[in-house]
Amino acid sequence: SDQKLEELRSQKEVLETQKENLDAEAGRGSGSHTAKAEDLRNTIGNLRNKEQYSKSDLEYTKKKLKEQISLVKSSKKTFAKLEQQTITSEEDVTEANNLVEQSRQGVRDVEEEHFAPFREETGISDLRAYDEAIGKAREDFVKKRTDIREHLAKLTAKKKYEDDKDFDTKLAKALKKKTNHETQLKEAEETEEKLLSEVAEVKAKLADAESTLKQATEEEQAKEEVVREARSVLKEAEGDYNKVAKTLNSEESDLMVLRQKLHETLQKARVDEVELPMLDAEDMEEDEEQEAEGSQVSSSRSSRRDSTQSATQDSTASSQHFSQREDSKVVKDRKEAGKVDFSTMDEDLKMRRSASEEDKLRKKFEGKISKFTQEIEGIAPNMKASDAFNTMTEMVKETVDDFNTAKEEGRKANEVFNKVRKARSHKFNTAFKQIDAALKIIYTDMTKSSKHPLGGNAYLSLDDADEPYRGGMKFNAMPPMKRFRDMEQLSGGEKTVAALSLLFAIHSHRPAPFFIMDEVDAALDNVNVLKVCNYIRQRSDDFQCIVISLKDMFYERSESLIGICRDVSSNSSRTLTLDLTKFDRKSGGQKRSRGGGEDAAAEADNSPKMPRVIVGAE
């Protein structure tokens, strides 16, 4: 049942997580969720606008990319053709250069042959230099003419480009772009309708999840009812066990009385020098074997009786050993009684009798003994024997009186001890039950929340319920939606909440006038600090509380503040106080402030009463 209960709790936690996620997706919520949902709606609208702009930009970019790709492909083809033409042209240029060089060499030879008479007549030594100078001037002229022609060609091409511009095509493209945008708008509206339908489906799923959660909660309550019934059955079984244990204790006490009577009988027989009939050696060996087997069978019983008999260890020494089976005196008496031959005894005498019947039978035998004594004295009178007998009788009487006195004192001391033990156990169990019941309520109140309305569970348990002072005590706490673990495995905040719950539970049994808490909120988060503050304020009518803290949440919910600071002028500590009840909303309609000046502190110092305070140490 515990495993199923744990599974249901885990399913409940998963469903709550899904519920929160669905609330966030569907824009539902209460309190702080409403603002979050509104922010999410605004974000969704902005994202939709960005999506439309991004889609239009994406379409335009794709078209441009296609145009650029086609342009790159055509450029690559043209470039390949130009490379081929360039290679062919370079080969033709190389051949032409060779032909030009050959022609130039021929021209030089012809010129040398033709211009030799002219050079001799004119006196020009280097016709080539003259020719180069004239050629250079000619090249400059040709270059300038070429530049002018290129500039003219550029102007002509630009004029042609401006004349060939087509504005109708651009207008058609713009209309086409507008049509695409309208199509995208229709698609966006259809997408919005789909999203709204999905939101409706999500809301339906959320309703199903809430019904499932409710069903799981009902199943959990049913399982808890089964657990409570099982605990009640266990309690009844423990009551039956206690009854059996009490019966066993009474039987042990009767056995102790019988052992004591056996010891008295054997001692009296030794004092009176009575010869008892003894068994033979073979019979004694058989009895010893049977006794060994009986001791092995009853070893488990004796171990259980030791725990019960240990409660009477403070009684007198005269009756202490009769409650222990393996005591040396008890073993000695048992061996001596085992040597006695009871076969000659009448069967009527072997039957168990009540105390009154035993008294009658004892008086009967005492009468027979006095009769036999008188007969013996009449047969062989001895004057000294009577004196010796009287002396021994007085000694025995004194011994018996001392024994009876000691036994009575031991019985009275044992009764007083049992009364004190019962009263102590009763007081302890009363306080324990009250503290345990208060602990469960307080821990549940300090751990419940909107997500966990049932809160956690905490309880106290005893190692020995019958004798609580002989064992220890265990404190277990289970925070909400967590499985059972030892206290050592809990976090610091969980340990602090559990410890405060136990402290307040003990206080509910024996209320103290005021509490002093030194930074108990050091390991707590804001949620648990708020719970502790609210609980202290709820109980503020029962006790006064002084809390040393550094958390603002304690300051806000206190009735007075006491601050310790350093006074630089006197080089010592200084105390500042502030009565926050003057700033309470109910009394003055003003909001509480978190600090105060020295004027307010001086007014608070003059207050004659002792307020419940929250102390902030700096």
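All residue numbers refer to position in the chain's written sequence, counted from 1. Local features in a predicted model are, by the rule used here, given only for residues with pLDDT of at least 70; side-chain atom pairs are given and counted only at 80 or more, and totals for whole chains, interfaces and linings are based on all residues. Side-chain numbers come from the whole structure's heavy atoms, not from hydrogens or water.

With that settled, the discussion passes to the overall build of the protein. The secondary structure listing takes helices from DSSP runs of H or I that are at least 4 residues long and strands from runs of E that are at least 2 residues long, numbered from the N terminus. Regarding its fold elements, the protein presents 15 helices and 7 strands. A 1.4 Å probe rolled over the protein chains alone gives each residue an accessible area, and that area as a share of the maximum for its type sets the label: buried under 20%, exposed over 50%, partly exposed in between. For the protein, the residues scored as buried account for 20% of the 618 residues in total. Any two residues having at least one pair of non-hydrogen atoms within 4.5 Å are treated as being in contact. A fraction of 62% describes how many contacts in the protein between residues 6 or more apart in sequence connect residues 24 or more apart.

Here the focus is unusual backbone geometry. A positive phi is found at Glu-519, a non-glycine position, where the angle reads about 50 degrees. Phi is positive for Asn-571, close to 55 degrees, though the residue is something other than glycine. With respect to the helices, strands and loops of the structure, Asn-571 is situated in the loop between strand S5 (560–567) and strand S6 (572–579).

Note on terminology: a nonpolar core comprises buried Ala, Val, Leu, Ile, Met, Phe, Trp, Tyr and Cys residues joined through side-chain atoms within 4.5 Å. Phe-504, Met-517 and Ile-536 are the most contacted members of the largest nonpolar core, which totals 33 residues. Take this core: its biggest share by element is 7 residues, from helix H10 (residues 383–447). Not counting residues up to four positions away in its chain, the partners in contact with Phe-504 are Ile-442, Met-446, Phe-515, Met-517, Tyr-535, Ile-536 and Phe-543.

What a helix is expected to span follows from its residue count: subtract one and scale by 1.5 Å. An ideal rise of 1.5 Å per residue puts 26 Å on 18 residues; helix H11 (residues 492–509) measures up with 26 Å between its terminal C-alpha atoms. Those residues of H11 that fall on the buried side of the exposure criterion are Gly-493, Glu-494, Thr-496, Val-497, Ala-498, Leu-500, Ser-501, Phe-504, Ala-505 and His-507.

Attention shifts here to helix H12 (residues 526–538). For an α-helix, 3.6 residues make a turn, and residues three or four places apart therefore share a direction. With 13 residues, H12 extends 18 Å from end C-alpha to end C-alpha; this agrees with the ideal 18 Å at 1.5 Å per step. For H12, the set of buried residues is Asn-528, Val-529, Lys-531, Val-532, Cys-533, Tyr-535 and Ile-536.

Right, let's talk about the pairing of S5 for a bit. The pairing criterion is simple: DSSP has to find at least two bridges between the two strands. In the sheet, S5 pairs with S6 via 8 bridges, with the strands oriented antiparallel. What sits directly across from Gly-563, in S6, is Leu-576. In this antiparallel pair of consecutive strands, S5 and S6, the connection spans 4 residues, and Asn-571 shows a positive phi of 55 degrees.

Here the focus is a positive patch on the surface. Only residues whose relative accessible area exceeds 30% and that form no salt bridge enter a patch; like-charged residues are grouped when within 9 Å of one another, and nonpolar side chains (Val, Leu, Ile, Met, Phe, Trp, Tyr) when within 5 Å. For the accessible areas, the method is Shrake-Rupley and the probe is 1.4 Å, while residue cover comes only from the protein chains on display. Salt bridges are identified by distance alone: a Lys or Arg side-chain nitrogen within 4 Å of an Asp or Glu carboxyl oxygen. Neither His nor the chain termini are counted; the positive set is Lys and Arg, and the negative set is Asp and Glu. Every charge is mapped onto a representative atom, which is NZ of Lys, CZ of Arg, CG of Asp or CD of Glu. Together, Lys-62, Lys-63, Lys-66, Lys-176 and Lys-177 make up a positively charged patch on the protein surface. Counting only elements with at least two residues in the positive patch, the list comes to helix H2 (32–122) and helix H4 (167–272). For the positive patch, the element with the highest residue contribution is H2, accounting for 3 residues. Looking at the secondary structure, you find Lys-63 in helix H2. Residue classification places Lys-63 among the partly exposed residues on the basis of a relative accessible area of 38%.

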